Amino acid sequence: AHIFPSAWTGINERTFLAIKPDGHQRRLVGEIIRRFERKGYHLVAMKMIQASEELLKKHYIELRDRPFYERLVKYMGSGPVVAMVWQGLDVVKTARMMLGETNPADSLPGTIRGDFGVDISRNIIHGSDSRESAQREITLWFQPHEIVCWQDNAEKWINE
Ligand code: GDP
Ligand code: MG
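Residues numbered from 1 in each chain as written. Chains lettered and ligands numbered in written order. Predicted model: local features only at pLDDT ≥ 70, side-chain atom pairs only at ≥ 80, totals over all residues. Heavy atoms only, no water.

**As for the site of ligand 1**
So, point 1. Taken together, the residues surrounding ligand 1 are K20, Y60, L63, F68, R71, L72, R96, T102, R113, I120, S121 and N123.
So, point 2. A distance of 3.4 Å separates a nitrogen atom of ligand 1 from a polar atom in the side chain of R71.
So, point 3. The residue inventory of the shell around ligand 1, partitioned by class, reads five nonpolar, three polar and four charged. (Near = heavy atom within 4 Å. Polar contact = N/O pair within 3.5 Å; in protein donor to acceptor, adjacent residues only side chain to side chain. Nonpolar A, V, L, I, M, F, W, Y, C, P; charged D, E, K, R; others polar.)

**Let's talk about the side chain of S133**
So, point 1. Within the secondary structure layout, S133 lies in helix α7 (residues 131-141).
So, point 2. Take S133: its relative accessible area is 9%, and that puts it in the buried class.
So, point 3. Looking at S133, its side chain comes within polar contact range of the side chain of D129, at 2.5 Å. (Helix = DSSP H or I, 4+ residues; strand = E, 2+ residues; numbered from the N terminus. Buried < 20%, exposed > 50% of the residue type's maximum accessible area, 1.4 Å probe, protein only.)

**Quick notes on the environment of T15**
So, point 1. Assignment of secondary structure puts T15 in strand β1 (residues 14-19).
So, point 2. The class of T15 is buried, set by a relative accessible area of 1%.
So, point 3. Discounting chain neighbours no more than four positions away, the residues touching T15 are M84, V85, W86, V91, V92, A95, S128, A134 and I138. (Contact = heavy atoms within 4.5 Å.)

**With respect to the sheet that holds strand β4 (residues 125-127)**
So, point 1. Read from one edge of the open sheet, four strands run β2-β3-β1-β4, paired in antiparallel fashion. The open sheet has two edge strands, β2 (42-49) and β4, and neither has a second partner. The average undirected angle you get between the axes of adjacent strands in this sheet is 15 degrees.
So, point 2. Taken together, the three bridges between β1 and β4 define a ladder with antiparallel strand orientation. Across the sheet, L17 pairs through a bridge with G127, a residue of β4.
So, point 3. On the sheet, helix α2 (residues 29-39) packs against β1, β2, β3 (81-87) and β4 and is oriented at approximately 5 degrees with respect to β3.
So, point 4. Running at roughly 30 degrees to β1, helix α5 (residues 91-99) makes contact with β1, β3 and β4 of the sheet. (Pairing = 2+ DSSP bridges. Axes fitted to C-alpha atoms, helices over the stretch in contact; angles between N-to-C directions.)

What is shown is where atoms sit, not what they do.
Right under this line is the structure:
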């Protein structure tokens, strides 16, 4: 049965993650997906795309006045991005913890940026910073029919 959550809260909370072109080129796609799968999160959408400048400018609209904005948009469009929607309890905040800090130099070992990155402008992965951003970003990157709602038979072993 397909269960469409009425609200993105509790165990139905969703976040948007995108493996950036450097993460893709460095063959980190499997490693990153593996971390979220083993954590217990539930993957509901995924696609590899070459993002347009228009999409990337909208995605990073809040940073439009920052000096690195143009370079950031160019780099994000320089190769494939693996865009995903993950679901689960506190997934927005927990995914950000699993990513590490914006600057890999400030990210602890054990985090994705701490384990695999060096440079702030090549930090491997994007993750929504709030539930509101997640909703905006998921709507921007995915059509409703691309979100797959599936029965998770491990769910009762992950959430009480
Ligand atoms: P995030 O939410 O941790 O990804 O960080 P932000 O939303 O603040 O910035 C978006 C992205 O812009 C980051 O992931 C970096 O790739 C890049 N970025 C942020 N700050 C800087 C900076 O000071 N210099 C450069 N070159 N890139 C930055
Ligand atoms: Mg951000």
